[in-house]
Amino acid sequence: MGKKSMEALTETMFYVLMSFLKRDLCGTEIADFVETKTKGRVRLGPGTLYTILARFEEEQFIREVSVLGRKRTYCLTDKGRARYADEVSRLRACITDVESEEEQA
Amino acid sequence: MSIVKKLLPIDYLDMNGIECWLEDLSRQGLAFVKFGSFFVHFRRGEPREVRYHAEPLGALSAAMTKEQAYYSAQHGWLSVGQFGQNFKLYCALDPETEDFHTDPVTQSYALDNLNQKLLRNSVLLCVCIVAMAALLVLPALTSNFGPVWHLVEFSSPT
């Protein structure tokens, strides 16, 4: 049985990818970024955060850049950046569809 | 400190069942201590309303599991040990603590690893059973007289 492919990112995964756009981050910083960016709308439980990081690392969307004691810092790879861009395009297409539908109504 | 030992009344892979069972016992004053070879050990104390979460092992590296345990503790989920070979058990002393998993799709990734591990074990078990059956049957089939001779030998009056 193969692993599920990540064809569509969930909202949580999308924000985790977004958090790496400007700088390298560790787990706690990612959670803080997502909470601040979404004003608390999207929450990252401990299970969700670390499962996403493990999966992104496996998919080579992120890679570990430093380990300081317990703190592990990750950065976005080119593959991760491309995946983020794909998702943004998909979301933009969704918004365009919504707007065209609203104009017709 | 009195220790109470109980047999697990549910399937050891029933995550939700395990969590509910431990929460029920906590309301009766039994706090989880460890998962022994045959029994689950509890410490008798005051009844408490707590939450348990069983997280499948194997989805994260050892280092990431440690970091997750540290981060979880900061968010109210204390690591209380391992439950069997497949789960790490967390306990939230405040029932209002935010869920351990906030994204069900991501949680399914954690379960994927457990699923694959169990599938591998099942395949290995099947191979072992076939190998053992072959070891028992082949000598009889390949002997000079075969299984019919054995039947004649054992059923003949002496």
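Residues numbered from 1 in each chain as written. Chains lettered and ligands numbered in written order. Predicted model: local features only at pLDDT ≥ 70, side-chain atom pairs only at ≥ 80, totals over all residues. Heavy atoms only, no water.

A. How the structure looks around the packing of aromatic side chains. Under the definition given, this model contains ten aromatic pairs over all chains. Measuring from centroid to centroid gives 5.7 Å for Phe14(A) and Tyr15(A), while their planes differ by 70 degrees, and the two rings are edge-to-face. Seen in terms of ring centroids, Tyr90(B) and Phe100(B) are 4.6 Å apart; in terms of plane orientation they differ by 35 degrees. Their pairing is tilted. Of the two residues, Tyr90(B) is situated in strand S6 (residues 87–92) and Phe100(B) in the loop between S6 and helix H3 (104–142); the sequence distance between them amounts to ten residues. Geometry around Tyr109(B) places Arg55(A) over its ring, the cationic atom sitting 4.2 Å from the centre. When the ring centre of Tyr70(B) is taken as reference, the NZ or CZ atom of Arg70(A) above it lies at 4.0 Å. (Phe/Tyr/Trp six-rings, centres within 6.5 Å; stacked < 30°, edge-to-face > 60°. Helix = DSSP H or I, 4+ residues; strand = E, 2+ residues; numbered from the N terminus. Lys NZ or Arg CZ within 6 Å of the ring centre and 35° of its normal.)

B. Broad picture of the interface of chain A and chain B. The interface is formed by 29 residues belonging to chain A together with 30 residues belonging to chain B. For the pairing of chain A and chain B, the buried interface totals around 2,500 Å² over both sides, and the portion due to carbon and sulfur atoms is 58%. Where chain A packs against chain B, one counts one salt bridge. One salt bridge connects Glu98(B) with Arg43(A), and the closest N-O pair in it is separated by 2.8 Å. (Contact = heavy atoms within 4.5 Å. Buried area = accessible area lost by both parts, 1.4 Å probe. Salt bridge = Lys/Arg side-chain N within 4 Å of Asp/Glu carboxyl O.)

C. Structural detail: helix H1 (residues 11–19) of chain A. For H1(A), a buried count of eight out of nine residues is recorded, marking the element as mostly surrounded by other parts of the structure. If you check which residues of H1(A) are buried, you get Thr12(A), Met13(A), Phe14(A), Tyr15(A), Val16(A), Leu17(A), Met18(A) and Ser19(A). The inward-facing, buried residues of H1(A) contact strand S1 (25–26), helix H2 (27–37), helix H3 (46–58), strand S3 (71–76) and helix H4 (78–104) of chain A together with H3 of chain B. (Buried < 20%, exposed > 50% of the residue type's maximum accessible area, 1.4 Å probe, protein only.)

D. Main features of unusual backbone geometry. All names here are of chain A. Notably, lysine 39 is not glycine yet its phi reads approximately 55 degrees, a positive angle. Positioned with a positive phi, glutamine 60 is a non-glycine residue whose angle comes to about 60 degrees. Residue position: glutamine 60 is located in the loop between H3 and strand S2 (62–68).

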